[in-house]
Structure formats: structure tokens, C-alpha cells
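A structural walkthrough
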Amino acid sequence: MKNQLVASILNEIADMLDMQEVEFKPRAYRRAARTIESMAEPIEQVYAQGKLLDLPGVGEAIAKKIGEIIETGSLEYYEELKQKTPVDLENLLAVEGIGPKTVGLLYKKLGVKSLEDLQRAAQEHRIREIKRLGPKTEENILSSIELAKRSRGRSLLGEALPIATEICDRLKVVIRTAGESGQLEAAGSLRRMKETVGDIDIVATSNHASLLTDEFTRLPDIQKVLEKGETKASLLLTNHIQVDLRVVEDESFGAALMYFTGSKDHNIALRKLAISRGFKLNEYGLFKGDQQIAGRTEDEVYKKLGLDGIPPELREDRGEINAAMKHQLPSLLAYDGVRGDLQLHTRWSDGQQTVEEMAQAAKNLGYEYIAITDHYSRMPIVNGLNEQRLRDQMNEIDKTNEKLNGIHILKGAEVDIAADGSVSEDKVLRDLDLVVGSIHGTFKQTKKEMTRRLISAMESDIVHIIGHPTGRKINEKAPSDLDFDELFEASKRTKTYLEINASPQRLDLSDANAALALRSGCKLVINTDAHNQEQMKNMRFGIGVGRRAWAEKKDIINTHTLEDFKKTLKNG
DNA sequence: GCCGTTTTCGGCCCGACTGTTTTCAGTCG
């Protein structure tokens, strides 16, 4: 998958052109880069199909350059630009307050090429000599170099969302206690349910703004208050997550929420649409001349733009605006739309709770059914079951089913898919309701081998579901390179469902891959892979992935009633 | 360099903030 490579080259070209004060081209390159970065299809494939020009932001010139990168692995134009401005752009641009123009200036005047050069120039007070820069800039550079060295990347959604919820709950108490009708909501990529988030943005309205900002800066686990004003405050938590609070006027709450929710591309597209209709859209509202015609709620703004309300998970400028205009937005899978969790572990293998405890938790979550799928494996670390122990567990499940009302426990197992694609043929597996097949070892295989391996497992009459299909762990382990077209074809042909694993570290399939699967006509299943009751609540992250993939209820098999669900299984 | 319910040419998202400036350029989100 070369998308990341192509996108980063295009972005770097944009930066270098910016350094040379070239107008407009940088914007064009960045737009193309964003498209390629966020699309699900491998760019090589789009190229092979001769469809590069269909990509938004890609025209003749950029298409030709992309072709060159794919064919030769490099790009002459890019190399020439680098010759002209041989600087360590990536690290220099990471310094807060320094953009491409400043890097260009510093290179021209002082020959600054690297972070070390920059630090030295600042320490020797050579930066204040340059016109447009000054002593303040110099100080900022020094302090942000320090900060940049300590900062880290994006946090997992699963980590940030509970924190955001807790903070919002505390602040809502302040609003209620003040006896007013203020609103408050977490915005940003968190609200769009992206798998990782940069920081937490909270938008609020209140007649007592300072009460909110006061309480905000007294939250627990603050490492540092970065900023505190009347209507705006910013914190760094001890876990390095940054949280921003903005208090806005009532009549702007919807517009501000849209603005801070993003995505940037979605906002840009909306603003262009607004202009085309003779309006102006900003974070204060939708304006005709200087009169505000909408802004109190998001729906009001969308409506005045001639659009249906767009759920946050779809706001990525991937066709949602067009769909909203034609009243063709999908009716998204609801957060309470799943009726059963189909990958769960108990103490029988590597889980922490009993069958009954997991079933009770499932009942409390409102599920109709679950599947217990402890490891059926010889791998020692997971305390895998053998034939006899699985039979014992099946008896226990029968007894628990008799005891509990309102929840049905399916008998299942999670089996290893061997390097050659084979799975255990033990007879007991055929007596189960449901088998999840997953890869737990030998990850280093070629794309062809890995694809073949998964398809072999799908073709066996044992396996109903492929668990965490790419094996990725966000920020830790790269996904397996797979031929998704073949995989999706096999899924439809064999009625073996690919999983959206809802564990925040996995979210596998990803939103982009899930979208591809749905577009090619596959049905999916969303499971938590929980090893205790608490983890069963991760379902919302998996549903978030589904919604970002435009999934409707009919696309997800565990939204069916137990009876209908059983009918969708092969050999069922 | 890209793109079109104002266009195949002439435009290109918006506002706050900062630091450097006597009116603005650059950066950020």
C-alpha cells in the first residue's frame, strides 16, 4: 500500500513550494495528498485502472507524478526540489509556530537546515536579527523545541472518549447547579469516532462562562494549565492528552460545534457550498451579508444550506454532502442496534470472568444473545481448551442457559488459523454454534500467502467468522498486507463474515476497509473480543467504525434476531 | 495545479492570534 508514501511526497512538495513562496500550488498538492491519505483503495490499484483523474484534487500534472512514483519508486521533480532546499522539513515544521515560509526564510538568511541548526541559531540570538522575526519568536522556538521533544502522537479513541465523557459530566453539573440551560458537548475527531484523536475539544454555552472555565482548570489529573481565559481554557492532562474548552454564545453553538467537530475537509466543502448559495459560513453561524440566518443548532445550519443533517461519523468529505443534498444519506447502524456480541472469552481460557458473569453483563447491556468463544488452541499463553474441556464448558453453558432468562448463550470457540491456512478439524468444533477463526502467529508472510491463508480458513466448513482480519494494533503493529478484493469475494462466496473487532487497540477491520467491504457487498459482524465485563462496553467503538464505513443495520449480521442470525450462518 | 448549479479562465475557506508591525504576514485549527 503506497498511499502513505505518495501522500507524504505530495505534502512535502507542497511545503517546499510554500518555502519558495509559490502561490496556490501548495494548496493543490495538499488537497491531492489528503485525498490519497484518506482513501481506502490502494493507489496502485487506482493507477492500474487508469482512474487517477477521478480522484478529487488530482489533475493531469499530479496524476503523472503519482504514476512516476508508482512505476519507479521515486519522483524526479521531488528530488530536484529537495536539491534546491536541502532541509529537514519534517522536524523543522514540527516546531510550534514555524511553518514552511519561516523555514524558507531561516534557510535563506541563516542556512538553517536541521533542528540542531535552528536551536543553535536561536541560542546565538541570530534569529532576532531577521526582519519579520524577533526576540519573542526566538524564545518561542527554544521552548517549543523542548516541548516537541517530549510530546507524543495521537491517543486511542478508547482512551480519550471515557476521559472526555467524565470531563463533560463534571462540567454539566456546573451548568445545572447554576440553574441555567447551557449546552455542552465534546467535538473534534472524538465526536467523529476516529480511531485516534489528537486532542479533546469541548464546546459549551453558558451565561456563567467563568464558572465553567474555573471548574475546568480544577479537574483532577492535570499536569499543566496551558491557558485560562474567560471563555477559553486549555489543559494538558498527566497522560499527555490536551483538552480544550470553548464557551460560545447560544446562537452560535451549532456552528461552533460543527466547526470544532470537523473534519477540516468537510468544513471547507460546506463553506464553499455556502458561498455558492450567497452565504458565508464560519464558527459563529451561517450569514447572509452580516445577518446571521442559522447557527443555534447544527441541523439548522445544514437545513439552510439545503442539506439533511449529517451524522458526525460521516463528516469526512467523502460524498456525504452530495448524499445529504439528495436526501440519500444512509440510515446508519444505531449505537444500540447490535443484539449480540459474538466473540467473548471467559476464565476457561484467558478471560477473567465466568460464563454466567459474562452472560449477566450481556443481559444488562440489553443483548439478546452472545457467543462464548474461548480459545481452542495449543498455544500455551492463552490457556486454550482441548476437546474434553470444551465439552465440559458446553455443559456449563447448557446449565447457565437454563438458569438465565432473557439472554441466550451460543456455544463457540476461537481457533487458530495455521500458517498454511488450515484449522483444527476436531469433531467437537462441529457441535458448536459458532467458530471464530483468527491468526495468532506467523505474521510475516507475503501478501499472497496471507490472503491465501485467510481464504483457506474461510473455505473450511468449520469457520463462520474471521476475527481481527488484518491483525493490526494501532500505533504498535502494522496490518497484514492483504488482497481485499479476493478476501471480500471469498467472504460472499463462503458466507464467512469478516469481523470489525471493537477493541480500541485493534478496530480491525478499520473504517476504510470496512467501507470497502460493504461497497463490495459483504456483510460484517461487530464483536468486542472482551476478556471481562468492562470490555464488553467497547462495542460502541466497533459500531463507530461501522458508522464511519456508512454501515446500515442490514449490513451487520449481529443486528439480527437470534433466529434470523442463525439462518445467516453457513451449515446453519 | 485544480476546478466549474456563476466559469475551460480566474479564481482558490475562515477567523483568531501572535509578533511584528504602523497595516500585515504567517501559523494554526
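Each value, and the rule that gives it
- Residues numbered from 1 in each chain as written.
- Chains lettered and ligands numbered in written order.
- Predicted model: local features only at pLDDT ≥ 70, side-chain atom pairs only at ≥ 80, totals over all residues.
- Heavy atoms only, no water.
- Phe/Tyr/Trp six-rings, centres within 6.5 Å; stacked < 30°, edge-to-face > 60°.
- Buried < 20%, exposed > 50% of the residue type's maximum accessible area, 1.4 Å probe, protein only.
- Helix = DSSP H or I, 4+ residues; strand = E, 2+ residues; numbered from the N terminus.
- Lys NZ or Arg CZ within 6 Å of the ring centre and 35° of its normal.
- Domains from an automatic or database assignment.
- Near = heavy atom within 4 Å.
- Polar contact = N/O pair within 3.5 Å; in protein donor to acceptor, adjacent residues only side chain to side chain.
- Nonpolar A, V, L, I, M, F, W, Y, C, P; charged D, E, K, R; others polar.
- Expected span 1.5 Å × (residues − 1).
- Contact = heavy atoms within 4.5 Å.
- Axes fitted to C-alpha atoms, helices over the stretch in contact; angles between N-to-C directions.
- Parallel < 35°, antiparallel > 145°, perpendicular 65-115°, else oblique.
- Left-handed = near helix turned anticlockwise from the far one by under 90°.
- Salt bridge = Lys/Arg side-chain N within 4 Å of Asp/Glu carboxyl O.
- Pairing = 2+ DSSP bridges.

Another point: the packing of aromatic side chains. One pass over the full model with this rule turns up three aromatic pairs. Look at Y259 and F260: their rings are 4.8 Å apart centre to centre, the planes differ by 80 degrees, and that puts the pair in the edge-to-face class. By relative accessible area, F260 is classed as buried at 17%. Seen from their ring centres, F484 and F488 are 5.7 Å apart, and the 35 degrees between their planes marks the pair as tilted. On the criterion of helical spacing, the pair formed by F484 and F488 is a turn pair, its members being four residues apart in helix 20 (residues 484–494). Grouping residues by exposure puts F484 and F488 together as buried. Lying over the aromatic face of Y77, K65 brings its terminal NZ or CZ to 4.5 Å of the ring centre.

Segmenting chain A into domains produces domain 1 (2–151), domain 2 (155–248), domain 3 (258–325) and domain 4 (340–568). Here domain 1 and domain 3 have C-alpha centroids that lie 30 Å from each other.

DNA strand B sits among 42 residues. The nearest are R27, G57, G59, G134 and R271. Restricting the count to atoms of DNA strand B within 4 Å of the protein gives a sugar and phosphate share of 72%. A distance of 2.7 Å separates a phosphate oxygen of DNA strand B from a polar atom in the side chain of T102. Mapped by element, the contributors of at least two residues to the surface near DNA strand B are helix 2 (25–38), helix 4 (60–72), helix 7 (100–110), helix 9 (135–150), helix 14 (264–276) and strand 8 (280–282). Looking at the surface near DNA strand B residue by residue, the classes come out as 18 nonpolar, 10 polar and 14 charged.

Before going further, it helps to spend a moment on helix 19 (residues 447–459). Over its 13 residues, helix 19 runs 18 Å from end to end, which matches the ideal 18 Å to within 8%, given 1.5 Å per residue. In this structure, the buried side of helix 19 is in contact with strand 16 (465–466), helix 20 and strand 17 (497–501).

Bringing unusual backbone geometry into the picture now. In this structure, the amide linkage connecting G262 to the following residue, S263, adopts the cis form with an omega of -5 degrees. Counting through the fold element by element, S263 comes out in the loop between helix 13 (253–261) and helix 14. With an omega dihedral of 5 degrees, the bond running from D508 to L509 counts as a cis peptide bond. Unusually for a residue other than glycine, F24 sits at a positive phi of about 70 degrees. Summarising the element assignment, F24 is placed in the loop between helix 1 (3–19) and helix 2. Its identity as a non-glycine residue notwithstanding, R132 has a phi of 85 degrees, on the positive side. Here R132 shows up in the loop between helix 8 (115–123) and helix 9. R132 gets classed as exposed once you look at its relative accessible area, which sits at 57%.

Moving on, we come to the packing of helix 1 against helix 4. It is at 11 Å that the axes of helix 1 and helix 4 come closest, and there the two elements cross at 130 degrees. Taken together, the axis directions place helix 1 and helix 4 in an arrangement best described as oblique. In the packing of helix 1 onto helix 4, the handedness of the crossing is right-handed. Of helix 4, the residues touching helix 1 (which contributes L5, V6, I9 and L10) are I62, I66 and I69. Looking at side-chain class alone, the contact of helix 1 with helix 4 contains seven nonpolar, no polar and no charged residues.

What follows concerns the pattern of salt bridges. Tallied over the entire structure, the rule returns 35 salt bridges. One salt bridge connects E357 with R347, and the closest N-O pair in it is separated by 3.9 Å. With E357 in helix 17 (residues 355–364) and R347 in the loop between strand 11 (340–344) and helix 17, this residue pair connects regions lying 10 residues apart in the sequence. Each member of the salt-bridge network shares a partner with another, and the members are E185, R191, E298 and R315.

With that settled, the discussion passes to the side chain of D117. Topologically, D117 is positioned in helix 8. Beyond its immediate stretch of four places on either side in the chain, D117 contacts G111 and V112.

Across the sheet, five strands lie side by side as 2-4-7-6-5; this open sheet has mixed pairing. Either end of the sheet is taken by a strand with one partner, and the two such strands are strand 2 (184–186) and strand 5 (222–228). With direction set aside, neighbouring strand axes in the sheet form an average angle of 15 degrees. Alignment of strand 4 (residues 200–205) against strand 7 (residues 242–248), held across six bridges, turns out to be parallel. Its bridge partner being in strand 7, T205 is matched across the sheet by V248. Most of the contacts of helix 12 (residues 209–216) go to strand 7, to which it runs at about 170 degrees, and overall it touches strand 2, strand 4, strand 5, strand 6 (232–237) and strand 7.

Turning our attention to the sheet that holds strand 9 (residues 285–288). If you trace the three strands from one edge of the open sheet to the other, you get 8-9-10, paired in antiparallel fashion. Since the sheet does not close on itself, it has two edges, and those belong to strand 8 and strand 10 (291–294), each with one partner. Direction aside, the axes of adjacent strands within the sheet are offset by 40 degrees on average. Relative to strand 10, strand 9 runs antiparallel, the two being bridged by three bridges. Bridge pairing in strand 10 places K288 opposite Q291.

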